[in-house]
Amino acid sequence: MKDAAGNALSVGDKVYIYWGHNELCPGVVQSIQGNGAKVLVDSWPNHPDPEHRYSLSKWKSGKCMLKVDTNGAA
């Protein structure tokens, strides 16, 4: 599975996912099945309770996400 930029996605990758209202939210890929992934999304970053702060997405295609470069490259 690949993100919108063509980068390969794996479980555990950090991504930004389109979360409605023209907004990108940070998240972590939880599972991949075929050309869909479920992402744990930090949808309400200022909420102190993790149960309300994070949401598990529906199955989303890679074209809804961008992989975050964790290698330190600028």
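Throughout this document, residue positions are counted from 1 along each chain, in the order its sequence is written. A pLDDT threshold of at least 70 governs which residues receive local features in this predicted model, and a stricter bar of 80 or more applies before side-chain atom pairs are shown or counted, although totals over entire chains, interfaces and linings include all residues. Computation of side-chain values: all heavy atoms of the structure, hydrogens and water removed.

Draft legend 1. Quick look at the pairing of strand β3 (residues 36–42). Counted residue by residue, β3 has five buried out of seven residues, so it is predominantly covered. Two strands qualify as a pair provided that DSSP identifies no fewer than 2 bridges between them. To qualify as a helix, a DSSP run of H or I must reach at least 4 residues; to qualify as a strand, a run of E must reach at least 2; elements of each kind are numbered from the N terminus. Sheet analysis places strand β2 (residues 24–33) next to β3, joined by six bridges and oriented antiparallel. Opposite Val28, over in β3, you have Leu40 as the bridge partner. What sits between β2 and β3 in their antiparallel hairpin is a turn of two residues, with Gly34 showing a positive phi close to 65 degrees. In this sheet, strand β4 (residues 54–56) lies alongside β3 in antiparallel orientation, the contact comprising three bridges. In the sheet register, Val41 faces β4, and the bridge partner there is Ser55. For each residue, the accessible area found with a 1.4 Å probe, counting protein chains only, is set against the maximum for its type, and the residue is called buried under 20%, exposed over 50%, and partly exposed in between.

Draft legend 2. Inspection of the sheet that holds β2 at higher detail. Strand order across the open sheet formed by five strands is β4-β3-β2-β1-β5, with antiparallel pairing between neighbours. Two strands bound the open sheet, and with one partner strand each, they are β4 and β5 (65–67). Mean inter-strand twist for the sheet, computed between neighbouring axes without regard to direction, equals 35 degrees. When strand β1 (residues 14–18) meets β5, the two strands line up antiparallel, connected through three bridges. Each bridged residue has a counterpart across the sheet, and for Val15 the counterpart in β5 is Lys67. All axes here are fitted lines through C-alpha atoms, helices being fitted over the stretch that makes contact, and every angle between N-to-C directions spans 0 to 180 degrees.

Treat this as a map of the structure, not an account of what it does.
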